[in-house]
Amino acid sequence: MSTALGKYLKEILTGSWSLLVGMGITLRQTLRRPVTLNYPYESLQMTERFRGHVDLIPNEETGEPNCVVCMACQKACPSNCIQVEGVKPEGAKRRFPTLFLLDFTTCSLCGLCVESCKFNALKYSREYNLASLRKEDYQMDLLDRLGKEPLR
Ligand code: SF4
Ligand code: SF4
């Protein structure tokens, strides 16, 4: 009888200790800084080297696109996914884009467009949240993304 009671008490002690250890681990993990994000409400900040779709670079002072519509990127693109049009306003020393479309469905991210631009007007975006079932979502208006109304 006393052996059964001893075994019983030992089991209670072992169980309680195991419970305390488990609670300790849970508490420690609860107080730790999370390593996961609440996706899709939060997004990762991609590194400098991340190569997303191409994007226009605005002038730091004016906010206008640096693009002078030289067409080098359009010509360099092996997949024909860039379409650029532009105007030279009266008295201006350069051309401004009125249309800058990227068809991301055929872009291979080869980077030839970025390399061919001599005006610091194209860069890779850090955008990686691009999942969509609609093909149209990959027809990108880069002027629109820049938040610029094109000059007419
Ligand atoms: S990264 Fe390559 S395929 Fe994509 S738009 Fe630029 S040149 Fe074309
Ligand atoms: S190469 Fe640069 S400046 Fe020329 S059209 Fe393309 S983005 Fe504009």
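Everything numeric here is computed off the predicted structure, so don't read it as measured data.

### Quick word on the overall build of the chain
Then step 1. A tally of regular secondary structure across the chain gives four helices and five strands.
Then step 2. For 152 residues, the compact-globule formula gives about 15 Å, and the C-alpha radius of gyration of the chain, at 29 Å, lies well above that figure.
Then step 3. Reported as C-alpha extents along the three principal axes, the dimensions of the chain are approximately 105 × 35 × 25 Å.
Then step 4. With 152 residues in all, the chain has 14% of them scored as buried.
Then step 5. Here the analysis covers contacts within the chain between residues at least 6 apart in sequence; of these, 71% occur between residues at least 24 apart.

### Focus on the site of ligand 1
Then step 1. Lining the immediate environment of ligand 1, one finds 13 residues, of which Cys77, Cys107, Cys110, Leu112 and Cys113 sit closest.
Then step 2. A per-class count over the shell around ligand 1 returns 10 nonpolar, three polar and no charged.

### Some points on the site of ligand 2
Then step 1. Close contacts around ligand 2 come from 13 residues, with Cys67, Cys70, Cys73, Cys117 and Ala121 the closest.
Then step 2. The residue makeup of the shell around ligand 2, split by class, is 12 nonpolar, one polar and no charged.

### What to know about the environment of Leu102
Then step 1. Within the secondary structure, Leu102 is located in strand 3 (residues 96-103).
Then step 2. In this structure Leu102 comes out as buried when scored by C-beta crowding, with 25 C-beta atoms within 10 Å.
Then step 3. Distance from Leu102 to Gln83, taken between C-alpha atoms, is 6.6 Å for residues 19 residues apart in sequence.
Then step 4. Residues in contact with Leu102, not counting those within four places in the same chain, are His53, Val54, Cys81, Ile82, Cys107, Met140 and Leu142.

### Regarding helix 1 (residues 2-31)
Then step 1. A rise of 1.5 Å per residue sets the reference length of helix 1, with its 30 residues, at 44 Å; its end C-alpha atoms lie 43 Å apart and thus fit the reference within 8%.
Then step 2. Where burial is concerned, little of helix 1 is hidden: zero out of the 30 residues are buried.

### Considering the pairing of strand 3
Then step 1. Pairing analysis gives six bridges linking strand 2 (residues 82-87) to strand 3, with the strands arranged antiparallel. Bridge pairing in strand 3 places Gln83 opposite Leu101.
Then step 2. For strand 3 and strand 5 (residues 139-141), the ladder comprises three bridges, and the chain directions are antiparallel. Bridge pairing links Leu102 to Met140 in strand 5.

### Structural notes on the nonpolar core
Then step 1. One finds Leu56, Ile82, Cys113 and Leu122 to be the most contacted residues of the largest nonpolar core, which totals 18 residues.
Then step 2. Elements that contribute at least two residues to this core include exactly strand 1 (54-56), strand 2, strand 3 and helix 4 (142-145).
Then step 3. Residue contacts for Leu56: discarding those within four places in its chain leaves Pro65, Cys67, Phe100, Ala121, Leu122, Leu142, Leu143 and Leu146.

### Brief notes about unusual backbone geometry
Then step 1. Here the amide bond leading from Tyr39 into Pro40 is cis, since omega sits at 5°, within 30 degrees of zero.
Then step 2. Within the secondary structure layout, Pro40 lies in the loop between helix 1 and strand 1.
Then step 3. The phi torsion at Val69 lies on the positive side, around 60°, for a residue other than glycine.
Then step 4. You can see Val69 is positioned in the loop between strand 1 and helix 2 (72-76).
Then step 5. The backbone of Leu109 sits at a positive phi, close to 55°, despite the residue not being glycine.
Then step 6. Structurally, Leu109 can be placed in the loop between strand 3 and helix 3 (112-116).
Then step 7. The exposure class assigned to Leu109 is partly exposed, which follows from the 14 C-beta atoms found within 10 Å.

The rules behind the values
- Residues numbered from 1 in each chain as written.
- Chains lettered and ligands numbered in written order.
- Predicted model: local features only at pLDDT ≥ 70, side-chain atom pairs only at ≥ 80, totals over all residues.
- Helix = DSSP H or I, 4+ residues; strand = E, 2+ residues; numbered from the N terminus.
- Rg over C-alpha atoms; globule rule 2.2 N^0.38 Å.
- Buried ≥ 20, exposed ≤ 12 C-beta atoms within 10 Å, placed from the backbone.
- Contact = placed C-beta atoms within 7 Å.
- Near = placed C-beta within 6 Å.
- Nonpolar A, V, L, I, M, F, W, Y, C, P; charged D, E, K, R; others polar.
- Expected span 1.5 Å × (residues − 1).
- Pairing = 2+ DSSP bridges.
- Core = buried A, V, L, I, M, F, W, Y, C linked by C-beta atoms within 7 Å.

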